[in-house]
Amino acid sequence: MTDLTTYEHDVLVIGAGGAGLRAAIEASAAGVSVGLICKSLLGKAHTVMAEGGMAAAMANVDDRDNWKVHFSDTMRGGQYVNNWRMAELHAKEAPDRVRELEAWGAVFDRTKDGKILQRNFGGHRYPRLAHVGDRTGLELIRTLQDHGIHQGIEVYMEVTVVTLLKDGDRVIGALAYEREHGRFRVFKAKAVILATGGVGRAYKITSNSWEGTGDGHALAYRAGAELIDMEFIQFHPTGMVWPPSVRGILVTEGVRGEGGILKNSEGKRFMFDDIPPLYKDQTADNPEEGWLYTQGDKNARRPPELLTRDHVARCIMREVKAGRGSPHGGVYLDIAWIKEKLPNAEEHIKKKLPSMYHQFKQLADLDITITPMEVGPTTHYIMGGVRVDADTQMSTLPGLFAAGECAAGINGANRLGGNSLSDLLVFGKRAGEHAAIYAKENSAGMVDDRQVDQAVKNALAPFEREGGENPFALQHELQDTMQNLVGIVRTENEMRQALEDVGKLKERSEHVHVPGNIDFNPAWHTALDLNNLLTVSEAITRAAIERKESRGGQYREDYPAKDAEFGKINIKIKKAEDGSMQITRVPIPEMPAELKQIIEEMG
Amino acid sequence: MEATFRIRRGDGEHGEMVDYTTEISEGMVVLDAVLQIQSGQAGDLACRWNCKAGKCGSCSAEINGMPKLMCMTRLNTLPVEEPITIEPMRAFPIEKDLVTDVSWNFEVKKRIKPFKPRPPDAPDGTWRVMQEDIDRVQEFRKCIECFLCQDVCHVLRDHEKYDEFIGPRLLVYTAALEMNPLDIEDRIGDLRNDFGIGFCNITKCCTKVCPENITITDNAIIPLKERVVDEFYDPVKRLVKLFRKK
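What you see is a predicted model, and the numbers here were worked out from it, not measured in a lab. (Residues numbered from 1 in each chain as written. Chains lettered and ligands numbered in written order. Predicted model: local features only at pLDDT ≥ 70, side-chain atom pairs only at ≥ 80, totals over all residues.)

With that settled, the discussion passes to the overall build of chain B. For chain B, the count of helices and strands is 10 helices and 7 strands. C-alpha extents for chain B along the principal axes are approximately 75 × 40 × 25 Å. Across the 246 residues that make up chain B, the buried fraction comes to 44%. By sequence separation, contacts in chain B at least 24 residues apart represent 62% of the contacts at least 6 residues apart. (Helix = DSSP H or I, 4+ residues; strand = E, 2+ residues; numbered from the N terminus. Buried ≥ 20, exposed ≤ 12 C-beta atoms within 10 Å, placed from the backbone. Contact = placed C-beta atoms within 7 Å.)

Turning our eyes to something else, we now look at helix α9 (residues 216-233) of chain B. Residues and elements named next belong to chain B. Its maximal kink placed at I222, α9 deviates by approximately 25 degrees, while the proline P223 follows within four residues. All of the buried residues in α9 are I216, T217, A220, I221 and L224. The inward-facing, buried residues of α9 abut α3 (131-140), α4 (148-152), α6 (167-178), α7 (188-193) and α8 (205-209). (Bend = angle between axes of the 7 residues up to and from the residue.)

Between chain A and chain B, the residue contacts involve 47 residues of the former and 46 residues of the latter. Of all the secondary-structure elements, those providing two or more residues to the side of chain A that touches chain B are α3 (84-103), α4 (136-148), α10 (354-364) and α15 (522-546) of chain A. A per-element tally of the side of chain A that touches chain B places α4 of chain A first, with 5 residues. Residue composition of the side of chain A that touches chain B, grouped by class: 21 nonpolar, 13 polar and 13 charged. (Nonpolar A, V, L, I, M, F, W, Y, C, P; charged D, E, K, R; others polar.)

Below, the discussion takes up the sheet that holds strand β13 (residues 331-334) of chain A. Residue and element names in this part refer to chain A. On the basis of which strands lie adjacent, the open sheet formed by 4 strands has the order β11-β14-β13-β12 and antiparallel pairing. At either end of the open sheet lies a strand with only one pairing partner, and these are β11 (233-240) and β12 (261-263). Pairs of neighbouring strands in the sheet enclose a mean axial angle of 45 degrees, with direction left out of account. Two elements, β13 and strand β14 (residues 373-382), share 3 bridges in a ladder whose sense is antiparallel. Following the sheet pairing, L333 is matched in β14 by M373. (Pairing = 2+ DSSP bridges. Axes fitted to C-alpha atoms, helices over the stretch in contact; angles between N-to-C directions.)

Residues and elements named next belong to chain B. Considered domain by domain, chain B is made up of domain 1 (2-100) and domain 2 (103-245). Each of domain 1 and domain 2 has a C-alpha centre, and these two points are 31 Å apart. In this complex, domain 1 contributes 12 residues to the contact, which on the side of domain 2 involves 13 residues. (Domains from an automatic or database assignment.)

Here we come to the sheet that holds strand β5 (residues 129-130) of chain A. All names here are of chain A. The strand order β3-β5-β4 describes an open sheet built from 3 strands, whose pairing is antiparallel. Sheet topology places β3 (54-55) and β4 (118-119) at the edges, where each strand pairs with a single neighbour. As paired elements, β3 and β5 share 2 bridges and run antiparallel to each other. Paired with A55 across the two strands is L129, which belongs to β5.

Generally speaking, soluble globular proteins have nonpolar side chains that are buried together. All names here are of chain A. Membership of the largest hydrophobic core comes to 253 residues, with the highest contact counts inside it found for V11, V13, V192, I193, L194, F401 and A403. Among the elements that line this core, the one with the most residues is α15, at 13 residues. V192 has contacts with L12, I14, L164, V171, G173, A174, G399, L400 and F401, leaving out every residue within four places of it along the chain. (Core = buried A, V, L, I, M, F, W, Y, C linked by C-beta atoms within 7 Å.)

This part is about the pairing of strand β8 (residues 170-178) of chain A. The side chains of a regular strand alternate between both faces of the sheet. Residues and elements named next belong to chain A. Counting buried positions along β8 yields 7 of 9 residues, so the element is predominantly enclosed. With 8 bridges joining them, strand β7 (residues 159-167) and β8 adopt antiparallel strand pairing. Bridged to V161 within β8 is A176. Between β7 and the antiparallel strand that follows it, β8, lie 2 residues; G168 among them carries a positive phi value of about 65 degrees. Looking at chain direction, β8 and strand β9 (residues 183-194) are connected through 6 bridges and run antiparallel. The residue bridging L175 from the neighbouring strand is V186, located in β9.

Next up on the list: the domain arrangement of chain A. How big an interface is tends to be stated in terms of accessible area lost as the parts join. Residue and element names in this part refer to chain A. Taken as a whole, chain A is organised into domain 1 (237-379) and domain 2 (465-587). Each of domain 1 and domain 2 has a C-alpha centre, and the two are 31 Å apart. Of the residues belonging to the side of domain 1 that touches domain 2, the class tally is 3 nonpolar, no polar and 2 charged.

A separate point is the packing of α6 of chain B against α9 of chain B. All names here are of chain B. Two elements in contact, α6 and α9, have axes separated by 9 Å at closest approach and are oriented at 70 degrees. Relative to α9, the element α6 lies roughly perpendicular. As α6 runs across α9, the sense of the crossing is left-handed. Contact residues: P168, L171, V172, T174, A175 and E178 in α6; I216, A220, I221, P223 and L224 in α9. Of the residues that constitute the contact of α6 with α9, the class distribution is 9 nonpolar, 1 polar and 1 charged. (Parallel < 35°, antiparallel > 145°, perpendicular 65-115°, else oblique. Left-handed = near helix turned anticlockwise from the far one by under 90°.)

On to α15 of chain A, then. If you check α15 of chain A, its first and last C-alpha atoms are 36 Å apart, about what 25 residues at 1.5 Å a residue would give, namely 36 Å. Taken across its 25 residues, α15 of chain A has 24 buried, putting it largely inside the fold. (Expected span 1.5 Å × (residues − 1).)

This brings us to unusual backbone geometry. Following W242 of chain A, the chain continues to P243 of chain A via a peptide bond in cis, the omega torsion being -5 degrees. Within the secondary structure layout, P243 of chain A lies in the loop between β11 and α6 (254-257). Residue N64 of chain B is not a glycine yet carries a positive backbone phi of 45 degrees. Among the secondary structure elements, N64 of chain B is positioned in the loop between β3 (60-63) and β4 (66-69).

Attention shifts here to the packing of helix α2 (residues 67-77) of chain A against α3 of chain A. Residues and elements named next belong to chain A. For the pair α2 and α3, interaxial distance at closest approach is 8 Å and the crossing angle is 140 degrees. Regarding the angle of α2 to α3, the classification is oblique. In the packing of α2 onto α3, the handedness of the crossing is right-handed. On α3, the residues that touch W67, H70, F71, T74 and M75 of α2 are W84, A87, E88, H90, A91 and K92. Residues belonging to the contact of α2 with α3 are distributed by class as follows: 6 nonpolar, 3 polar and 2 charged.

Residues and elements named next belong to chain B. Here strand β1 (residues 2-10) pairs with strand β2 (residues 15-23) via 9 bridges, running antiparallel. Bridge pairing in β2 links I7 to V18. Connecting β1 to the next strand, β2, in antiparallel fashion are 4 residues. Pairing analysis gives 3 bridges linking β1 to strand β5 (residues 84-87), with the strands arranged parallel. The residue bridging I7 from the neighbouring strand is I86, located in β5.

Per-residue pLDDT for chain B averages 96, and the proportion of residues at 70 or more is 99%. Our summary of model confidence lists the complex with pTM equal to 0.96 and ipTM equal to 0.95. (pLDDT = per-residue confidence, 0-100.)

Here we come to the environment of K112 of chain A. Residue and element names in this part refer to chain A. By the secondary structure assignment, K112 is in the loop between α3 and β4. With 8 C-beta atoms counted inside 10 Å, the residue K112 sits in the exposed group. Considering only alpha carbons, one finds K112 and A87, 25 residues apart in sequence, at a separation of 31 Å.

Right, let's talk about the environment of E557 of chain A for a bit. Residue and element names in this part refer to chain A. Here E557 is to be found in the loop between α15 and β18 (569-575). In this structure E557 comes out as exposed when scored by C-beta crowding, with 12 C-beta atoms within 10 Å. Put simply, E557 and I488 are 69 residues apart on the chain and 9.8 Å apart in space, counted from C-alpha to C-alpha. If sequence neighbours within four positions are ignored, E557 has contacts with V489, R490 and T491.

Next comes the structure, spelled out in structure tokens:
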């Protein structure tokens, strides 16, 4: 074997956002040695971008809330193709996970009686999101980071995993490289947890940072694990659209939670025009009732702006397509209007939405306390990911676990805002706990030197070639393809075209050339990321073709209705023996009677 | 329209300023230009960035000599008719191009005693805290750890007191712990003896560069200095302490 430095841990966590940090803390608390690999510096992961809050039925603001309501809201939001066991565990355990953060130093906004304050969000029946202004993700990651550094976790910053290492069927470590000097490292571990986040960089317009390249999805897939629900991508309805350089940057749903409304170019509040039957009874039918809801009136129903993200995004697309959009191809999100209702509106907005105020002021020269924002859909989150056992978060490969965005199941066809931060706490903890148990029960595996040598050789190949393709240019082409052909509105023809295009890009990616040396080289990193992006793009497209219906994050213009038969299955993706991508429909297990009853009771 | 960016290239030992000319358009920030240069002309140009929205604090650099986040610096605030210089933060060792070794900050943070809450107020293990009692702490917790305040602090940048002084960022971190109404740990002795709070002579450069507009000096450092003074130099307190010891 090439003479590589080797690190050994009981549990190796790949990814240091909320899920990875929470998993590392839990595994470490179980008394095993833990290594934590960060793609960037510690504390910079995409979790910092989460704004609105974390959903947990603590009932601090509305005492009618409890885990059953949260469970049923999550299932409804996911259009009932969720893993119901995960939705159940999540709803039951989220409150404890939030309280635990407070014990570790998180400083949440407070209610008048000094409890953790909770706010309204789309698809949640009661105010449920524990939050800190509009920077909840930063609070979460900083709390976990500052707690975690005292737990004896070994942190490896700016290290990127190239491949998972296997001993037979079992995952026993990873090969990675450290960015500063481009040196390869072998990480041996008895259990490996993937917590690598999302795939947003497969799309041109996205709220995700450069890191969101589907690394965990692709690593797991290539190692032989199963992925599910890859067709379900969440397009967040409100990303910035102007100026061009900030297109896609997130505008928190909290703006609507605080009373912000959506209007088209004719000044019409179009969200009242199309309220899905599933939500008719829960949705206000006039503006006044909607406003009262955002101000905490328990008898009022929520405004249509707080319908689920998939629906709001499609309504915005409809307005734009019908020629009623804003000058730069979005619609208007207006929070300034609340000055008609509140005497101190300007101060109120700045206090409740400080980062949004700052973001628009600085990047778009726009004062949101005076002028409506221009917003449009942006690729935000993938519901699909590594197929895991609900209780242990172990994938279909022994020794490989996954948590957070790169794992699948809890969200079904559409994730509710605020469920992501609670998801990563609940299942990050579970992954850490069960990976530690697995590590204690198993000895270290044997690293296959040939696998390591081959992977190192493949990774270095882009330096060997002369005058090949530019990795950045290929990534941009892929982003255009996915944006145009596998976006919010999909058709079979376009997706077939996308498959063909992705196939061609894959061939071209084998001729990528990077300039310079291996020290901190972004072109090289982009070339490696590109492999992952191509794999997940193919998976998304194939799954989306297979699901011939519209549901949640998947909207098919050629199959615009929901199909009950597809409501009974998830789409599974696995690498076949011959290396091709295998698509299978797997039945969703029957829900236990007590959970069914909860859903019926909640109406 | 085109503009020229004069970017520091090279490793810790050898470096030079290299000019790159690229197309600029409305609304662009410095980071857009750097990424455009990277993807078209200089694939191995190293820089850090993540969120591109001023929330992660990765893309700190010195733009025309001013410590700033590249993602929040609009080109229309700069004189683009002349070359715009972009250099790495000076207070930290250069790894490559615009990337510096900021690991010192992470190491120092470990030396600060972690959060230690009082016993819970309610039987369910929760606390009761009033919003007005945490407003100040929440201001400090806005910090995105861009380390621009560390970069600009002359105690570190010019006098290189890395072993004796923890710098504004970590004083803000300590202040957030010390002023947290739930916290019962005592870090006042450490502030005086190990963290070198006395080195700060309140020039407020850190406050000026903070992209989160945290009033570092007035709200964090000065109150901490006062606590140190109260603890160690207040004659009445010293007397009381003397008796208590007996």
